[in-house]
Amino acid sequence: MRQTAPADRTADSKTDGEADGENVFGLITPEDWFRIPLVPEKQREASVSALIKRQFAGVDDQPVLRRQAEEQLLGAAEAGVEQGGVVLYLSFLEAAGIPLSASLLISRIHQRFDSLDAVSALRGKGEAALVRLPAAGRAARRRRSERTRESRRLGTEFEDTIVEYFVPVPDRDEVLMLTFSTPLEPIADSMVELFDAVAGTLRWQKKAQPTQPTQTTQAAQTTQATQEPRGQQG
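What you see is a predicted model, and the numbers here were worked out from it, not measured in a lab.

Here we look at helix α1 (residues 41–55)
- Given a rise of 1.5 Å per residue, 15 residues ought to cover 21 Å, and the 21 Å separating the end C-alpha atoms of α1 matches this to within 8%.
- What α1 keeps buried is the set Arg44, Ser47, Val48, Leu51 and Ile52. The buried residues of α1 all sit within an arc of 135° when viewed along its axis, so they share a single face. Along α1, the residues that are exposed and aim more than 90 degrees away from the buried face are Lys42 and Lys53.
- Considering only its buried residues, α1 is in contact with β5 (33–37), α2 (63–82) and β6 (85–91).

Here is the structure:
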């Protein structure tokens, strides 16, 4: 498992958490999950390019396939942005040479979290329940199955298994939404166990505040500034 630094911001229209006192979140993900920041656009495109470069390392005779893969990834990333996504993770795990396809989209919902209302709204759309995450606290969880547009396009007979977590952001009328998805219906239960383990690592912390110079430090800086010209003149 790889620890992701708590640098994914939840504030609206923020790229690096400029607001004082802003909450940031972190996750621990498997080593072969690739992280794509969705905002700003330039960073999103750079991350997709880096992923394509990694996946096609040493392969120079497949320009069409490479271009198609990049367009597909950019399309998935842009779709995530349209859903309020801030970060997209893609799984490149393998077991016995078989790709364990999965994704995690982290989105923000500008709405106050009410645990009872959250579960009530989710009822009838899968298995919904209140849960408590070890570090992040209370949340609503839903598991459901869906035949996605992509699965219909590919003509597969399986439905995607989707697990969603709705986690209140501390001190904000906002909810962080974790949407895990896998098309591997035959091993869905095992994949869901992995999703739950990743969600269980979610944690919050306040953005570090810039340190203010003390009076002693300021005095030392002033002394240095006044002494340096004298040294140059001498």
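Comments concerning the packing of α1 against α2
- At their nearest, the axes of α1 and α2 sit 10 Å apart, and the two run at 145° to each other. Both α1 and α2 take part in a crossing whose hand is right-handed. On α2, the residues touching Arg44, Glu45, Val48, Ser49, Leu51, Ile52 and Lys53 of α1 are Arg66, Ala69, Glu70, Leu73, Leu74, Ala77, Glu78 and Val81.
- Looking at the contact of α1 with α2, its residues break down into 8 nonpolar, 1 polar and 6 charged.

Observations regarding the sheet that holds β5
- With antiparallel pairing, the 7 strands of this open sheet are ordered in space as β5-β6-β9-β13-β12-β11-β10. Sheet topology places β5 and β10 (127–133) at the edges, where each strand pairs with a single neighbour. Strand-to-strand twist of the sheet, defined as the mean angle between neighbouring strand axes without regard to direction, takes the value 20°.
- Here strand β12 (residues 160–168) pairs with strand β13 (residues 175–182) via 8 bridges, running antiparallel. When the sheet's bridge partners are listed, Thr161 is paired in β13 with Thr182.
- Packing of α1 onto the sheet brings it into contact with β5 and β6, and relative to β5 it is tilted by some 155°.

Describing the packing of aromatic side chains
- Counted according to the given criterion, the structure contains 3 aromatic pairs.
- Plain terms: the ring middles of Phe25 and Trp204 are 6.2 Å apart, the flat faces sit at 80° to each other, and that makes the pair edge-to-face. With Phe25 in strand β3 (residues 23–26) and Trp204 in strand β14 (residues 203–206), the pair connects residues that are 179 residues apart, well separated along the chain. Here the two residues Phe25 and Trp204 agree in accessibility, since each one is buried.
- Ring centres of Tyr165 and Phe180 lie 6.4 Å apart, and the angle between their planes is 80°; this geometry places the pair in the edge-to-face category. On the criterion of sequence distance, the pair formed by Tyr165 in strand β12 and Phe180 in strand β13 is long-range, its members being 15 residues apart.
- Since its relative accessible area comes to 4%, Tyr165 is described here as buried.
- Judged by its relative accessible area of 0%, Phe180 falls in the buried class.

Details of α2
- For α2, which comprises 20 residues, the first-to-last C-alpha distance of 29 Å matches the rise-based estimate of 28 Å (1.5 Å per residue) to within 8%.
- Buried residues of α2: Leu73, Ala77 and Gly80, and no others. The buried side chains of α2 occupy one side of the element, clustering within an arc of 55° when seen end-on. α2 presents Pro63, Glu71 and Glu82 as exposed residues on the side facing more than 90 degrees away from its buried surface.
- Buried residues belonging to α2 abut α1, β6 and β9 (103–109).
- Gly84 sits one or two positions beyond α2 and adopts a positive phi of about 85°.

Quick word on the nonpolar core
- By size, the foremost hydrophobic cluster in this structure holds 28 residues, and its most contacted members are Leu104, Ile106, Leu178, Phe180 and Leu202.
- Counting residues per element, the ones that place at least two in this core are β6, β9, β12, β13 and α5 (188–199).
- Judged by nonpolar contacts, the second largest core, of 12 residues, contains Leu38, Phe56, Ala77 and Leu105.

Thresholds applied
- Residues numbered from 1 in each chain as written.
- Predicted model: local features only at pLDDT ≥ 70, side-chain atom pairs only at ≥ 80, totals over all residues.
- Heavy atoms only, no water.
- Helix = DSSP H or I, 4+ residues; strand = E, 2+ residues; numbered from the N terminus.
- Expected span 1.5 Å × (residues − 1).
- Buried < 20%, exposed > 50% of the residue type's maximum accessible area, 1.4 Å probe, protein only.
- Arc of directions from axis to C-beta.
- Contact = heavy atoms within 4.5 Å.
- Axes fitted to C-alpha atoms, helices over the stretch in contact; angles between N-to-C directions.
- Left-handed = near helix turned anticlockwise from the far one by under 90°.
- Nonpolar A, V, L, I, M, F, W, Y, C, P; charged D, E, K, R; others polar.
- Pairing = 2+ DSSP bridges.
- Phe/Tyr/Trp six-rings, centres within 6.5 Å; stacked < 30°, edge-to-face > 60°.
- Core = buried A, V, L, I, M, F, W, Y, C linked by side-chain atoms within 4.5 Å.

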